[in-house]
Amino acid sequence: MWDWAFTFEILPVLGRAAIVTVEATVLGFVIAATLGLLLASIRLAFPLAGVAVTVLVELIRSTPLLIQIFFLFFVLPKAGIVLDAFTAGVLAIGIHYAAYCSEVYRAGFENVPRGQWEASIALNLSSWRTFRDIILPQALPPVVPALGNYLIALFKETPLLSAIAVLELMQTAKIIGSETFRYTEPVTLVGVFFLGMSLISASMVRLLESWLKWRY
Amino acid sequence: MWIRMLAAMLAATLLLILLLSLNDEYWLFLPGLLQGAVLTVEITLLAAIVAIFMAFVAALAKLYAPLPIRWLSSAYIEIFRGTSALVQLFWLYFVLPQFGVSLDAFVVAVLALGLNIGAYGAEVVRGAIISVARGQWEASVALNMSRGQMLRRIILPQAFAAMIPPWGNLLIELVKSTSLVSLITLADLTLKAQQMNQTTLKTVQVFTLVLLIYLAISLTVTIAMRVLEQRAGQGMTRGKAA
């Protein structure tokens with residue numbers, strides 16, 4: 001049922017694919033975290049544009065990531081923008097989670113007392129300086145654990161990239177399976193990898209959370 | 001919250017009307033996609049039943065069962081929350097037959113998605129139960145209620161109200177994750193879209209329509225949960241006033 005020799009044979013191949021998975025996670029999260037902050041800031045600064053951002057965020061949050069990946073991969077070339085599968089996939093994941101992250105940032109901004117804005121006006125600070133030096137440093141630390149949770153969630157969605165044939169873990173496991181007719185080892189190993197990474201990251205997020213609580 | 005949802009709904013409806021009136025081609029794809037949407041809704045409903053059942057069983061087991069069963073439910077929750085939904089789907093579809101259990105793709109889809117969302121739901125249920133005020137437990141003990149009575153009559157009704165909003169979010173997650181079943185060859189909305197895209201090459205039309213149909217399904221779930229939430233909330237305030 002379980003073939004150890006076969007397991008050790010495919011381990012290096014899956015290891016290389018795991019690097020692609022981790023790369024996609026990191027790049028996707030960088031896009032999500034920065035674009036999310038941008039969206040939340042737009043909503044804060046321009047109420048009218050904020051409505052458009054709100055609608056966009058709701059649209060992204062209530063439709064499947066898989067469709068969004070297909071959308072970027074198949075529709076953008078029609079507009080003359082040809083992206084390779086990895087770029088399109090990472091971009092889709094980043095934009096999808098940016099919608100979630102923007103809500104997290106928004107909650108962070110709302111947690112900063114209004115008096116901080118008023119005091120900054122009294123001190124004659126420009127609104128950009130107020131945002132950068134007064135509001136952001138207070139809004140960001142409390143939302144870090146929530147962002148960490150979305151990092152883990154994002155990581156667990158990277159197997160979707162296999163649908164547009166990116167050679168990450170799941171796609172590699174599928175290829176090994178179709179070549180050797182043995183799915184047990186590759187698919188199980190992928191599961192074990194995700195479980196291990198998720199547990200490690202979850203405990204790191206919890207550690208960070210208690211550290212932030214102690215510090216602030 | 002209401003305003004945001006209405007705005008999104010309004011925007012989606014306007015977009016759909018605009019698309020359908022500007023471009024006749026959209027009508028061509030609608031019947032086939034709606035066929036796929038029926039399967040998507042079926043899988044969502046059945047998986048939701050599995051998820052809610054598993055969530056309650058796992059949460060109650062983790063809270064009140066004897067130790068070995070408690071460990072078992074913790075293991076279920078951690079494994080299904082820790083691995084990817086797609087990996088779980090593939091594991092049930094490709095690996096289970098090797099152990100002699102061959103399931104039909106539809107059953108695999110319902111089971112995998114149900115078990116996945118159920119693991120997240122278990123934490124929701126557990127959180128809602130332990131968030132019921134301690135005094136309620138103590139009062140039930142003082143009234144000489146058995147543990148079953150306590151749970152059934154006092155704790156769970158209050159926990160229900162607290163768990164509806166997070167369940168709403170989870171059910172939206174479920175709707176979205178049904179798109180994964182296309183990868184084990186079930187002809188749901190996503191697979192229909194891919195097939196239509198390949199045969200007609202009308203990529204923009206097909207995928208825009210698909211996004212709007214998923215949006216409609218998600219919004220229906222959101223609105224249904226909102227109504228449920230208000231009902232449960234009403235019961236709570238009546239209880240407090242009396």
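- In the annotation of an unreviewed UniProt entry, the entry for chain B reads Ectoine/hydroxyectoine ABC transporter permease subunit EhuC, and the organism field reads Rhizobium sullae.
- Listed under Sequence similarities (unreviewed entry) in UniProt, the entry text for chain B is "Belongs to the binding-protein-dependent transport system permease family. HisMQ subfamily."

- The name an unreviewed UniProt entry gives chain A is Amino acid ABC transporter membrane protein 2 (PAAT family), with Rhizobium sullae as the organism.
- Taken directly from UniProt, the Sequence similarities (unreviewed entry) text for chain A runs: "Belongs to the binding-protein-dependent transport system permease family. HisMQ subfamily."

**Some points on the overall build of chain B**
- Along chain B, the regular secondary structure elements total nine helices and zero strands.
- The linear arrangement of helices and strands in chain B, starting from the amino end, is α-α-α-α-α-α-α-α-α.
- Going through the 242 residues of chain B one by one, you find that 49% of them count as buried.
- A separation of at least 24 residues holds for 76% of the contacts in chain B among residues at least 6 apart in sequence.
- Looking at chain B as shown, the accessible area adds up to about 11800 Å², and 70% of this sits on carbon and sulfur atoms.
- Averaging the coordinates of the 16 positive side-chain charges in chain B and doing the same for the 10 negative ones gives two points 14 Å apart.

**A word on the side chain of threonine 83 of chain B**
- Its place among the elements puts threonine 83 of chain B in the loop between helix H3 (67–82) and helix H4 (85–95).
- Given the relative accessible area of 7%, threonine 83 of chain B is considered buried.
- Engagement of the side chain of threonine 83 of chain B in a polar contact is seen with the backbone oxygen of isoleucine 79 of chain B, the distance being 3.0 Å.
- Side chain to side chain, threonine 83 of chain B and glutamine 88 of chain B meet in a polar contact 2.7 Å long.
- Setting aside anything within four residues of it in sequence, one finds threonine 83 of chain B in contact with Lys156, Gly191, Phe194 and Leu195 of chain A together with Gln88 and Asn116 of chain B.

**Quick word on the packing of helix H2 (residues 25–64) of chain B against H3 of chain B**
Residues and elements named next belong to chain B.
- One way to put it is that H2 packs onto H3 with a least axis distance of 8 Å and a crossing angle of 135°. Taken as axis vectors, H2 and H3 run oblique relative to one another. In this structure, H2 crosses over H3, and the sense of that crossing is left-handed. Counted together, Met54, Ala58, Ala61, Lys62, Leu63 and Tyr64 of H2 and Ile69, Arg70, Ser73, Ser74, Tyr76 and Ile77 of H3 form the full contact between these two elements.

Rules of the game
Residues numbered from 1 in each chain as written. Chains lettered and ligands numbered in written order. Predicted model: local features only at pLDDT ≥ 70, side-chain atom pairs only at ≥ 80, totals over all residues. Heavy atoms only, no water. UniProt positions renumbered as here; feature names shortened; annotations may be inferred. Helix = DSSP H or I, 4+ residues; strand = E, 2+ residues; numbered from the N terminus. Buried < 20%, exposed > 50% of the residue type's maximum accessible area, 1.4 Å probe, protein only. Contact = heavy atoms within 4.5 Å. Areas by Shrake-Rupley, 256 points an atom, 1.4 Å probe, with all protein chains shown as cover. Lys, Arg positive; Asp, Glu negative; His and termini not counted. Charge placed at Lys NZ, Arg CZ, Asp CG, Glu CD. Polar contact = N/O pair within 3.5 Å; in protein donor to acceptor, adjacent residues only side chain to side chain. Axes fitted to C-alpha atoms, helices over the stretch in contact; angles between N-to-C directions. Parallel < 35°, antiparallel > 145°, perpendicular 65-115°, else oblique. Left-handed = near helix turned anticlockwise from the far one by under 90°.

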